[in-house]
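One letter stands for each residue in the lines below.
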Amino acid sequence: MRELTYAQAIQEALAQAMDADPTVFLMGEDIGVYGGAFQVTGDLVHRYGEDRVMDAPISELGQAGVAVGAALAGCRPVLEFQFSDFATLAMEQIVNQAAKLRFMLGGKVNVPLVMRFPAGSGTGAAAQHSQSLEAWLAHVPGLKVIQPSTPADVKGMLLAAIDDPDPVMVFEHKLLYKMKGEVPEEPYRIAIGKAHVAREGRDVTVVATSIMVHKSLEAATILDAEGIDVEVIDLRTLRPIDTATIIDSVKKTSRLACVYEGVKTLGIGAEISARIAESEAFDYLDAPILRLGGAESPIPYNPELEKAAVPQVPGIVEGLRNLVRGRM
Amino acid sequence: MAVEVILPRVDMDMATGKISKWHHKDGDRVAKGAALFEIETDKAAMEIDAPAGGILRNIVVTEGNSAPVGSAVAWIYAEGEAVAAPAPAAAPVASAAAATTTTTPAPVTAAPAAATNGEAPRATPLARRLARQAGLPIGSIPGSGPRGRITAADVRRAGEAKPASVPALPPAPVVSGDSVQKLYAPGSFDVIPVDGMRRTIAARLTESKQTVPHFYLSVTCTLTTLMATRERLNASAPKGADGRPLWKLSINDFIIKAMAAALHKVPAANVTWAGDSILQHRSSDVGVAVAVDGGLFTPVIRNADAKTLTTISAEMKELAAKARARKLVPSEYQGGTTAISNLGMYGIEQFTAIINPPQATILAVGAAVERFVPVNGQPVLASQMTCTLSCDHRAVDGAVGAELLQAFRQLIVEPLLMLA
Amino acid sequence: MNAVGKIKPNARPFYQKYSADQLKDALRKMYLIRRFEEGAEEAYMRGLIHGTMHLSIGQEGSAVGATMALRNTDYITSTHRGHGHCIGKGAEPKLMFAEFFGKEEGYCRGRGGSMHIADVSTGNLGANGIVGGGLPIAVGAALAIKKQKRDDVAMCFFGDGASNEGAFHEALNMAAVWKLPVVFVCENNKYGMSVSTERSMAVANVADRASAYGMPGVITDGNSIADVEEAIAEAIARARRGEGPTLVECKTYRTRGHSRSDRNRYRTKEEIEEWKARDPIPHFEAELMAHGLATEAEVIAIRKSAEAEIAAGIEFARLGTDPNPNEVTRDVYSNEAA
């Protein structure tokens, strides 16, 4: 099977979606001839025209509202934010309008839009261009929130998102755009709301998101040599959460760790911990639940500080080791 | 205000009492101090007097029924006082209350774990579930996790073999580290944390001493014949493939076998108190105390009465080694129908041992001491050892204990009798 | 078409292009709105309505004048003060009342309330509780229209206060840049809650801002249905021709407070009385009768008919079905997956 980068996989999904459905169109800043800040849209404007690959003025709030209106009136817009941090400018339309219109109107409308957010740290873009705000949006009923971690997943989940009758927020880690992986050529969908066991193990369940899936897999390989067998679950979707898969895993391993880049406090790990603690898996826990998340600070500029602000492989290894060896 | 008629505690170990007879019925006028009802005890029935004069009403515990000590069994109303509906009778207390220095003992078939040191044992949810499934009281399991937390591994070590009649572990007496440290000059001591084994020993033996009515019987055994027999048996041991003798019997091996055989001869002593019944064991399983670093284990030789001396000897060596390496599995140290504790190697001539529930007896073996003993009126130098048998008077009465010890002594003095 | 021989030749275009029946229907709509607002107000005061409401009494001229020329396939987005727009776009008062009473029969099945009334089947994309919330949404609807090659329009109602929101700027800019068929209708009733336009806007008219976005800005007398309709009709025609958006400002006034809790401390009684004297409904009635398009008896009949419909609507709502508390999360998602 041929390999694509994560960014190329997104582009292919967008193209195939536009091929299949004439109501799908793209909007964002610099997504036309510039090709997108992260070169995701690339040459799509040349293939689909400016009407379907629309450069918008720097008006995130306006763009989000336009997406809502277009979705209400029969289109399927895919809005690209240049940085996930700019979601803050559009929060009114995302949270008060897109998420709630179906409900407020008694189920008589739906808002089939997709918003894509390049997110996360590691590029030296500093505090206002490096955030992981997915937990904010996962807190809002009416939205769906996904974080695909591989090229194959991002293509399948993005196609599913575009198909979805409800608003879907897609968080793409910037450091993943160049990641290569096998991607099937034909269009396919990966269901939203289903986690994936990326690595089976017996001693501890790690639930990770986005780039932390890969760091957790690296940690698992290191721990394997110490006789610690780590199961890594790629959560994939933050709303809705696939609690059942996590419960099954914890019942097998008796230990749970959550690894995520968003700030640790009130992040996705807090929700997963609580869900497991209030589920039947509680009686299978043989240790406290460990969360490894982002530091309680904005993302620093200095590269070492930037790394230290989010979980890294050595920290994950040590945390899991302590957890499994009964030192927590 | 109606006056409660409570079921009083009349015996030291009493948790509940059965009312065997009411001297009055509902509506009777009773005088203060008059005999109201009788409580059945294992000695004689106890008459209970009316705490006040008035009309007896709302008898909630009738003849033949039990109530917890301190609960109301009836009320005495003043003349003309309105009668309230009776409160339902309190259910018999199942488990010991929180720690006090004079505990109300639990019946042996007690309900689940009470606190240790006044605090619930720390255990993971999985550990609790496994313990619950195995019928093990969580508080009886030593915890190896941080801060003494009991983990699933600890429960699995404690194992599924524990018999269901193991009583709940009652609390150790309240001794707080802080209050004790205050009694000593600061800097004059080191604080050693208490581990699971120590905690278990403390709890179990405290319970035993406080709840089991111990009595003690001593006997002195002349070892002349036994020692000669042992020498002959050891001398005739065939050599194994490695050139070493197949066995080397110790005096202790004889003691184990003698005790097992004695129990076989006196089955009334091979019992366990089970609260509302007595278990009559069918085999003699002899536990043998083995000192280990920081504590002790009592591995059990099962069916010792049916095993040869050499089998017992080999098993004992293996179990002792495992005990010292802390590698015993629960099936190797749980249960037992008696136990032997030998401090002879330290020169202790005589001592009394604390019974390990659920056993009803334990034999404390002292050192072999050279003495002049009368033989046919002449002083003869002989080796003698003093053994003291502790008995649980609930299950083993004085005569039975004496019979057991007598049988044991006979087999020590003349080991050949073990063949008969 | 015209009532032959009755219309004076110098009557303004509004009275020329609509038939007498159409004009009387417009009057009925204004009455429907007026009586609706008064009925809602009374029901609220009686404690039958939860929350609060934002009444548009006095602004009927603007609401009906703006929506008269719209088709079912045209869209509107509205404001928190949108009952009039909804009725103008064809919403049924009884279903609106049912919504206010929180009943399942309401437009939003009791989930939305006064500020979120919508009827997508008649192009009403909804009143909005966020000031300025509907502006970019209307632009998005217009974008869809253009993509679908329809000649419909998206009409966006908003107030003077909303014209100070960032969303206003972004929406007008994008509508103009992309030449979308939007008719921006600003009902300037002089107050954003308690703060007057003098104190919150650096220009005298909202329409003055249109030039910043390269679109025409038109000022109308919001209390004259004719004035409003003529300007709006022109803007609609422009949009349908593909010439892009227009900003129409309707100078009007709300005689009631911002919401039910308004103590009217920010304006004078004189000002209120002055505007009451410019009530759009009697003004329109007078013109109709002056032009011989309606008799007094017909006007009274129209008034009574509207009142009857409102009364029946309230009764309908009162007897409606309360939602099931177990269905709190119904319709959050389309296929209940979450």
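You'll find the structure just up there.
Residues numbered from 1 in each chain as written. Chains lettered and ligands numbered in written order. Predicted model: local features only at pLDDT ≥ 70, side-chain atom pairs only at ≥ 80, totals over all residues.

Asks: So what exactly am I meant to see when it comes to helix α5 (residues 93-100) of chain C here?
Replies: Counting along an α-helix, one turn takes 3.6 residues, and residues three or four places apart therefore face a common direction. Residues and elements named next belong to chain C. Burial runs high along α5: seven of the eight residues are buried. Here α5 has its buried residues at P93, L95, M96, F97, A98, E99 and F100. On the buried face of α5, the contacting elements are α2 (20-45), α4 (83-88) and α12 (296-318). Looking one or two residues past α5, G102 carries a phi angle of roughly 75°, positive in sign. (Buried ≥ 20, exposed ≤ 12 C-beta atoms within 10 Å, placed from the backbone. Helix = DSSP H or I, 4+ residues; strand = E, 2+ residues; numbered from the N terminus. Contact = placed C-beta atoms within 7 Å.)

Asks: What am I meant to see in the interface of chain C and chain A here?
Replies: When the parts of a complex come together, some accessible area is lost, and that lost area is often taken as the interface size. Every contact between the two is made by 39 residues of chain C and, on the other side, 39 residues of chain A. Sorting the residues of the side of chain C that touches chain A by element identifies α6 (134-147) and α7 (166-177) of chain C as the ones contributing at least two each. Residues of the side of chain C that touches chain A, tallied by class, amount to 24 nonpolar, nine polar and six charged. (Nonpolar A, V, L, I, M, F, W, Y, C, P; charged D, E, K, R; others polar.)

Asks: Looking at this model, I keep getting lost on unusual backbone geometry. Mind explaining?
Replies: Most peptide bonds take the trans configuration, and most residues that are not glycine carry a negative phi. Each neighbour pair has its own omega, and for A:R239 with A:P240 the value is 0°, a cis peptide bond. A cis amide bond links B:P357 to the next residue, B:P358, at an omega of 15°. Topologically, B:P358 is positioned in the loop between β16 (338-342) and β17 (361-375). In this model, A:D30 sits at a positive phi of 65°, which is unusual for a non-glycine residue. Structurally, A:D30 is set in the loop between β2 (24-28) and α2 (44-48). Looking at A:D30, the number of C-beta atoms within 10 Å reads 15, which means it is partly exposed.

Asks: Looking at this structure, how should I read the nonpolar core?
Replies: Side chains of a nonpolar character, in soluble globular proteins, are inclined to be buried together. Judged by nonpolar contacts, the single largest core of 222 residues is most densely connected at A:L320, C:V139, C:A141, C:M155, C:V182, C:V183 and C:V185. When near neighbours in sequence (up to four residues on either side) are disregarded, C:V185 contacts C:A66, C:M155, C:C156, C:F157, C:I232, C:V248 and C:C250. Counting 56 residues, the second-largest nonpolar core is a separate cluster that includes B:M259, B:V300, B:L404 and B:L411. (Core = buried A, V, L, I, M, F, W, Y, C linked by C-beta atoms within 7 Å.)

Asks: What am I meant to see in the environment of B:T311 here?
Replies: Topologically, B:T311 is positioned in helix α7 (residues 309-324). C-alpha separation for the pair B:T311 and B:I301, spaced ten residues apart in sequence, amounts to 9.9 Å.

Asks: So what exactly am I meant to see when it comes to the sheet that holds strand β7 (residues 246-251) of chain C here?
Replies: Sheets are built from strands paired through backbone hydrogen bonds, the pairs being either parallel or antiparallel. Residues and elements named next belong to chain C. Pairing is parallel across the open sheet formed by five strands, whose spatial order is β1-β2-β3-β7-β6. Because the sheet does not close on itself, it has two edges, and the strands there are β1 (75-77) and β6 (217-221). Strand-to-strand twist in this sheet, taken as the mean axis angle between neighbours without regard to direction, amounts to 20°. Bridging between strand β2 (residues 154-159) and strand β3 (residues 182-188) involves six bridges; their strand directions are parallel. (Pairing = 2+ DSSP bridges. Axes fitted to C-alpha atoms, helices over the stretch in contact; angles between N-to-C directions.)

Asks: Please explain the pairing of strand β4 (residues 35-40) of chain B as it appears in this structure.
Replies: Residues in a regular strand project their side chains so that they alternate between the two faces of the sheet. Relative to β4(B), strand β2 (residues 16-22) of chain B is paired through four bridges, and the arrangement is antiparallel. Pairing of B:I19 across the sheet is with B:I39, part of β4(B).

Asks: Explanation requested: the interface of chain B and chain A in the structure shown.
Replies: Between chain B and chain A, the contact holds nine residues from the first and ten residues from the second. With four residues, the top contributor of residues to the side of chain B that touches chain A is helix α1 (residues 125-134) of chain B. For the side of chain B that touches chain A, the class distribution of residues is five nonpolar, three polar and one charged.

Asks: What should I look at first to understand the packing of α2(C) against α12(C) in this one?
Replies: Two numbers describe a pair of packed helices, the interaxial angle and the distance between the axes. All names here are of chain C. Their axes nearest at 8 Å, the elements α2 and α12 cross at an angle of 40°. It follows from the interaxial angle that α2 and α12 lie oblique. Crossing geometry of α2 relative to α12 is assigned as right-handed. Each of K24, L27, R28, Y31, L32, R35, F36, G39 and A43 in α2 lies in contact with α12, whose residues at this interface are E298, I302, R303, S305, A306, E307, E309, I310 and I314. Grouping the amino acids of the contact of α2 with α12 by side-chain chemistry returns nine nonpolar, two polar and seven charged. (Parallel < 35°, antiparallel > 145°, perpendicular 65-115°, else oblique. Left-handed = near helix turned anticlockwise from the far one by under 90°.)

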